[in-house]
Amino acid sequence: MENFAALAYLVSGVLFIMALRGLSHPTTSRQGNRYGMIGMALAIVTTLVVAGPSSNEGVLLIVAGLALGGFAGAQIAKKVPMTDMPQLVAAFHSLVGLAAVFVAAAALYSPVAFNIGVPGDIHAASLVEMSLGVAIGAITFTGSVIAFAKLDGRMSGAPIMLPNRHLINGALAAGLVFMVYTFIQTQDVFWFWAITAAALALGVLIIIPIGGADMPVVVSMLNSYSGWAAAGIGFTLGNEALIITGSLVGSSGAILSYIMCAGMNRSFISVILGGWGGDAAAAGGGEAGEQKPYKRGSADDAAFIMQNAGSVIIVPGYGMAVAQAQHALREMGDKLKEAGVDVKYAIHPVAGRMPGHMNVLLAEANVPYDEVFELEDINSEFSRADVAFVIGANDVTNPSAKTDPKSPIAGMPVLDVENAKTVLFVKRSMGAGYAGVENPLFFFDQTMMLLGDAKKMCEDIVKAMD
Amino acid sequence: MADALQTLRDAAEAAASSAAALAEAARGVAAEAAANAEAAAPVADAAAHASGVDPFVFRLAIFVLSIFIGYYVVWSVTPALHTPLMSVTNAISSVIVVGALVAVGADAAEGATQATKIFGFIALVLASVNIFGGFLVTERMLGMYKPKEKK
């Protein structure tokens, strides 16, 4: 029976691998998601067969728990707007973290049921795995809650810098190691909860100094943490499905964090140390000096220029998501295509608040995925394009990243929009981007600023084209 | 004719008896093997313990290999699908629900206390939100990715 269960868990681990594999292309992705669901169902059924409840009460609790959580989850999945995906994912990470804490607690209180020893004499290895799982789980929980609050605007995106925060974090981390050691020695429940409390505090302290714009890295990092927490619990339970999944998720999140850091040309360490980049509003005060001349245009001007262009490349950014402008933007794109203009979309890896955020929003607005291109695939095309239409993006188009080695964003890969014959720049006001860096692009001869709300501007352009 | 038949019958009888003898011998061998195996089992067991081939090591091997699989599989994910990647990894990491199910299903004979059941139940609800929410929202997102319509 135990061999059967181990094999079944192995199969569900393989199905999870295939779920990720499916995401290599949009055409295979839904099939992949189905594999994931089958894998999950298999893992649940297997567990119920080998360690199912022996009492009616147990059956009732399981049915109630699944129904309650399942209903809530399904409702959330159905109703959440696509622009809120970053905070939803952050919230989901927090649930995995908290679930890991509670599973570890259950294992500690009833070691016999989990086959890891008897109370007071739990295997040392299990205690190590359990304490790692609970510590990472608790950090994931509070860290994700903070990330959620920042992304959802329930809390300012500006970094919160405590005095001596590195000292506090260091002391807390050292304290955690001590508590884990003591817990393994004494097996005292008190130390288990002490580890949990310290890790919860550490999760808050790690995330609060990180600014809103660095959230793509934070969300990916917490994704990775939730995986390692699951893997830790997987070792405690001796469950292959959990170990496989935990390591898949852990490495997935780590790779995404790496891609996001590379997209900003920043080291992972500097992001985690925090203090960089609050919200655009917080950093927008840097334009007090002399006002350089710039060209300002209207929706009619923009409509005229684009309708007479041969090709237009649209560059969306976080501002488009905030203004919910993706549908109006797609309408504008459709009108242009009707007029015989070649329309493409260019996406920077860190545009938006999470990896792939812009792609989902464009997909939601029915933009076909084969019109949407990544930075390295489209960057050379700007020199052949008539118009670059930048909407809600700023720093990712800043040419000073290439020309000014002293710029805070020096070396960051940027979209070469200045190579297009005309740059139309939709922006709420003339403020700087989140990095507080002025964008010299605004003052180039070929640039026309379209100041106003992104959604309203797109709608006005559509009207002007009729 | 009759002679030939008799010879054949003799031959068949001889064959049958030797087959029976063989079967007997085989049975003996089997019994011996079983006995050996029985004797060997504790030895193997002891050997496994003595040489320290702990199940932990196997799990560690699975863990390390899965990290490598994850590394290569995730690099092959197209950047356009990075958001669904996050939501689906989130959904599958809720397989931690298996731990919650064991806790809720544990009975008093296994030393399950009220606390175990409560912890397990909370974990079960949290993980279920994630399982259903994660997979369904991924499904919803993936349904939006459409290729250009052929005209």
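Residues numbered from 1 in each chain as written. Chains lettered and ligands numbered in written order. Predicted model: local features only at pLDDT ≥ 70, side-chain atom pairs only at ≥ 80, totals over all residues. Heavy atoms only, no water.

## Description of the interface of chain B and chain A
The accessible area lost on association of the parts is a frequent measure of interface size. Contacts between chain B and chain A engage 81 residues on the former and 107 residues on the latter. Of the roughly 8,200 Å² buried between chain B and chain A, counting both surfaces, carbon and sulfur atoms make up 77%. Its largest share of buried area at the contact with chain A, chain B owes to M86, I96 and F119 of chain B, together 9% of the area lost on that side. Between chain B and chain A we count 3 salt bridges in total. Ionic pairing is found between E139 of chain B and R30 of chain A, a salt bridge with its closest N-O pair at 3.4 Å. Our count for the contact surface shared by chain B and chain A stands at 19 residue pairs in polar contact (both at pLDDT 80 or more). Residue assignment for the side of chain B that touches chain A shows that the elements contributing at least two residues are α2 (55-75), α3 (82-93), α4 (97-105) and α5 (114-142) of chain B. (Contact = heavy atoms within 4.5 Å. Buried area = accessible area lost by both parts, 1.4 Å probe. Salt bridge = Lys/Arg side-chain N within 4 Å of Asp/Glu carboxyl O. Polar contact = N/O pair within 3.5 Å; in protein donor to acceptor, adjacent residues only side chain to side chain. Helix = DSSP H or I, 4+ residues; strand = E, 2+ residues; numbered from the N terminus.)

## A closer look at the side chain of S29 of chain A
As for its position among the elements, S29 of chain A is in helix α2 (residues 26-51). A relative accessible area of 1% means that S29 of chain A is categorised as buried. Here P26 of chain A takes part through its backbone oxygen, which lies 2.7 Å from a polar atom of the side chain of S29 of chain A. When neighbours within four sequence positions are excluded, S29 of chain A is seen to be in contact with G22 and L23 of chain A together with L81 and L142 of chain B. (Buried < 20%, exposed > 50% of the residue type's maximum accessible area, 1.4 Å probe, protein only.)

## Brief notes about the UniProt feature "transmembrane region" (unreviewed entry) in chain A
Residue and element names in this part refer to chain A. Per the UniProt annotation, the sites labelled "transmembrane region" (unreviewed entry) are residues 6-23, 35-52, 58-77, 89-110, 122-146, 167-184 and 190-210. For residues 6-23, the end-to-end C-alpha separation is 27 Å, with 94% helix and 0% strand making up the annotated structure. With 86% helix and 0% strand, residues 190-210 has its two end C-alpha atoms placed 32 Å apart. (UniProt positions renumbered as here; feature names shortened; annotations may be inferred.)

## Examining the UniProt feature "transmembrane region" (unreviewed entry) in chain B
Residue and element names in this part refer to chain B. Sites flagged by UniProt as "transmembrane region" (unreviewed entry) map to residues 56-75, 87-106 and 118-138. Helix makes up 80% of residues 87-106 and strand 0%, whereas the separation of the span's terminal C-alpha atoms amounts to 31 Å. Across residues 118-138 one finds 100% helix and 0% strand; the C-alpha atoms that close the span lie 30 Å apart.

## Let's talk about the sheet that holds strand β5 (residues 372-374) of chain A
Residues and elements named next belong to chain A. Pairing is parallel across the open sheet formed by 6 strands, whose spatial order is β5-β4-β3-β6-β7-β8. Among the strands making up the open sheet, the edge pair consists of β5 and β8 (447-451). With strand direction ignored, the average angle separating the axes of adjacent strands in the sheet is 25°. Bridge count for strand β3 (residues 311-316) against strand β4 (residues 342-347) is 4 bridges, and the pairing is parallel. Within β4, the residue paired with S311 across the bridge is D342. Strands β3, β6 (387-391), β7 (422-427) and β8 of the sheet are contacted by helix α12 (residues 299-307), whose axis makes an angle of about 145° with β7. (Pairing = 2+ DSSP bridges. Axes fitted to C-alpha atoms, helices over the stretch in contact; angles between N-to-C directions.)

## Quick word on the pattern of salt bridges
Between side chains of opposite charge, a pair can form when the charged atoms approach closely. All names here are of chain A. Counted under the stated rule, the structure contains 16 salt bridges over all chains. Of the charged contacts, one joins K337 and D334 as a salt bridge, the two residues approaching to 4.0 Å between their closest N and O atoms. Note that K337 and D334 are positioned in helix α14 (residues 326-338) at a spacing of 3 residues, about one turn of the helix. Using a relative accessible area of 34% as the deciding quantity, one classes K337 as partly exposed. For D334, a relative accessible area of 27% gives the class partly exposed. Of the charged contacts in the structure, one is a salt bridge between K456 and D460, with a shortest N-O distance of 3.3 Å.

## Here's the deal with the UniProt feature "domain: NAD(P) transhydrogenase alpha subunit C-terminal" (unreviewed entry) in chain B
Following the UniProt record, one finds the feature "domain: NAD(P) transhydrogenase alpha subunit C-terminal" (unreviewed entry) at residues 60-146 of chain B. Secondary structure content for residues 60-146 of chain B is 76% helix and 0% strand, while the C-alpha to C-alpha distance between its ends is 41 Å.

## Considerations on the pairing of β8 of chain A
A regular strand places its side chains so that they alternate between the two faces of the sheet. Residues and elements named next belong to chain A. Buried residues dominate β8, accounting for 5 of its 5 residues. Of the two faces of β8, both are covered, the one formed by T447, M449 and L451 as well as the one formed by M448 and L450. With 5 bridges connecting them, β7 and β8 associate as parallel partners. In the strand pairing of β8, K427 is matched with L451.

## Regarding the confidence of the model for chain B
Looking at chain B, the pLDDT average stands at 81 and 70% of residues meet or exceed 70. Interface scoring of the predicted complex returns ipTM 0.88; its pTM is 0.84. (pLDDT = per-residue confidence, 0-100.)

## Thoughts on the nonpolar core
Soluble, globular proteins show a tendency: their nonpolar side chains are buried together. Residues and elements named next belong to chain A. Ranked by internal contacts, the top residues of the largest apolar core, which has 183 residues, are M306, L329, M332, F389, I391 and I461. In terms of residue count, the dominant contributor to this core is helix α4 (residues 85-109) (17 residues). Excluding anything up to four places from it in sequence, M306 contacts V312, M332, L336, V341, V387, F389, L424 and I461. (Core = buried A, V, L, I, M, F, W, Y, C linked by side-chain atoms within 4.5 Å.)

## Some thoughts on unusual backbone geometry
Most peptide bonds adopt trans geometry, and most residues besides glycine take a negative phi value. Residue and element names in this part refer to chain A. Phi angles above zero are rare outside glycine, and Q187 is one such case at about 55°. Positionally, Q187 belongs in the loop between α6 (165-186) and α7 (189-207). One non-glycine residue, Q324, lies in positive phi territory at about 55°. With relative accessibility at 36%, the residue Q324 sits in the partly exposed group.

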